[in-house]
Amino acid sequence: ATVSVLYWCMMKATRAALGCLVRSRAALTKVDNIDVKRLLKENDELAVKVAELTQQLSEWKAEVEKKFEAVDTATQRAEYINFVSSKEITPLNLGQLVEYCKQEDYKTHLFLYRELPIRTAIAIHQLTNMPHGFTTMPSTRLVKTWLIEEFTMLTQAEKPDTPEREEEFTKLLKKIHKKYQESIITLGKGLWELKRDMLMNKVKVKDKKQEWSRINQIIMLEYPQLQEELDSYYAGRISAGFLIRQHIAIAAAKKRPPRKGAEDYIGLVCRKTDLFRVCKGAIQEAKEICEEQYGTSPKINLTRTSKQGEGVEIPHIPAHLHYILFELLKNSLRATIEKHCVPPAYDTTNAPAIEVTVCDTEKLEDLSVKVSDQGGGIPYEDMDKVMSYMYTTAEVSQFDVMLGDT
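Computed from a predicted model, the values in this text were never measured in an experiment.

Conventions and cut-offs
- Residues numbered from 1 in each chain as written.
- Predicted model: local features only at pLDDT ≥ 70, side-chain atom pairs only at ≥ 80, totals over all residues.
- Heavy atoms only, no water.
- Helix = DSSP H or I, 4+ residues; strand = E, 2+ residues; numbered from the N terminus.
- Buried < 20%, exposed > 50% of the residue type's maximum accessible area, 1.4 Å probe, protein only.
- Contact = heavy atoms within 4.5 Å.
- Patch = residues over 30% accessible without salt bridge, like charges linked within 9 Å, V, L, I, M, F, W, Y side chains within 5 Å.
- Areas by Shrake-Rupley, 256 points an atom, 1.4 Å probe, with all protein chains shown as cover.
- Salt bridge = Lys/Arg side-chain N within 4 Å of Asp/Glu carboxyl O.
- Lys, Arg positive; Asp, Glu negative; His and termini not counted.
- Charge placed at Lys NZ, Arg CZ, Asp CG, Glu CD.
- Axes fitted to C-alpha atoms, helices over the stretch in contact; angles between N-to-C directions.
- Parallel < 35°, antiparallel > 145°, perpendicular 65-115°, else oblique.
- Left-handed = near helix turned anticlockwise from the far one by under 90°.
- Nonpolar A, V, L, I, M, F, W, Y, C, P; charged D, E, K, R; others polar.
- Pairing = 2+ DSSP bridges.

Attention shifts here to the overall build of the protein. A tally of regular secondary structure across the protein gives 12 helices and 6 strands. The burial tally for the protein puts 35% of its 406 residues in the buried class. In the protein, the proportion of contacts linking residues at least 24 apart, taken out of those at least 6 apart, comes to 74%.

For the rest of this paragraph, the subject is a negative patch on the surface. Together, Glu-285, Glu-288, Glu-291 and Glu-292 make up a region of like negative charge exposed at the surface. Residue placement: Glu-285 occurs in helix H10 (residues 275-294).

Okay, the environment of Thr-108 next. Take Thr-108: it is sitting in helix H4 (residues 108-128). Using a relative accessible area of 11% as the deciding quantity, one classes Thr-108 as buried. Thr-108 sits 11 residues away from Leu-97 along the chain, and the two C-alpha atoms are 10.0 Å apart. In this view, Thr-108 contacts Cys-101, His-247 and Ile-250; residues no more than four positions away in its chain are not counted.

Turning next to the packing of H4 against helix H9 (residues 224-255). In contact at an axis separation of 10 Å, H4 and H9 are set at 155° when each is read in the N-to-C sense. Judged by the angle between their axes, H4 and H9 are roughly antiparallel. Relative to H9, the crossing made by H4 is left-handed. Contacts from Thr-108, His-109, Phe-111, Leu-112, Leu-116, Arg-119, Thr-120, Ala-123, Gln-126 and Leu-127 in H4 reach Ser-232, Tyr-233, Arg-237, Ser-239, Ala-240, Leu-243, Ile-244, His-247 and Ile-250 in H9. Residue composition of the contact of H4 with H9, by class: 10 nonpolar, 7 polar and 2 charged.

In this section: the sheet that holds strand S6 (residues 367-372). Strand order in the open sheet formed by 3 strands is S3-S5-S6, and the pairing between neighbours is mixed. The open sheet has two edge strands, strand S3 (300-305) and S6, and neither has a second partner. Sheet twist, expressed as the mean angle between neighbouring strand axes with direction ignored, is 15°. Pairing geometry for S3 and strand S5 (residues 354-360), over 6 bridges, is parallel. Bridging across to S5, Ile-300 finds its partner in Ile-354.

Now for the pattern of salt bridges. Under the definition given, this model contains 11 salt bridges. Residues Asp-161 and Arg-165 are paired through a salt bridge, measuring 3.2 Å at the closest nitrogen-oxygen approach. For Arg-165, a relative accessible area of 32% translates into the label partly exposed. A single network of salt bridges, built from pairs that share partners, joins Glu-158, Asp-161 and Arg-165.

As structure tokens, this is what we get:
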């Protein structure tokens, strides 16, 4: 309605200008001793300008109407996202997932077609309602934009009820998954932005390094709700990401020829995961990273104390176990080198070895991995902070580098 009124007023003014042109032309025939040709030329130029103005008004009206339509579309989409986010997700544990996927008639693509829009809508709702200004951080808004795009693609996709549509849906999931890891890193950057805003508001602070440490303490102690909300958000995204990768793995396994050991896998899940072998792989990769960084690596001893004999196997996701062990070992190697070796040579000859032990109980109720090092450990006063997203040992200068500041 506002656009129509504005357009009507502008057109009224244009018509008035055209009326003046007509009257001026009629008056020219009654005027003596003036340059009639010059006046006619000026009137013609004015007529051209009025025509251009009329065209611009029409384009302006179309542009404004388009923007209003976009606002209406965004409003409708937000309402639809809120509606979908109110639905319940389907709870699944690893055992249930393996049993479902073993069934020949179980269609992971149809399950994800129903399930993923709900999980994505919930993630959007969570980011929209993050406390303490986290929602307004540039990186948080960017991740939310990606999630809205993901939701739109999922809800606009055709139901994968034919082999051709199943193939297209799998391609869509691969496209979505490419943004998955980037979105996790980008959202983590949003926490840094929140801290930076708090630091930059302290205009008169001289020791920014000390203030940076104080801000970390404030966020951890006074923002517990943010920790809880991020826990919930990440748990949902990790599970959604796993479901997508599980379907992609199952779809890929159907196309490739049988290979040795493939019968032990159902998607990403290996029914005969050898934790000792997973540890070997993680140790090798962690040592390679350490050698790239420091030129050397401390020794790592891997032992097994099994009460069930050699080769204990469990149903699990080897890739997840490998990632966790790799991160733990990487930290152990760094701590050991920085405590016991002198730069720049970092001679590890006398550095204590890291001990990794794989053990189980008699009834195979538990299977454990113990990583022991002499890297100095975590200070007692920091033990309750290490699982916080807001805690970091990075200094403010490192923070500035991460955000691209100078």
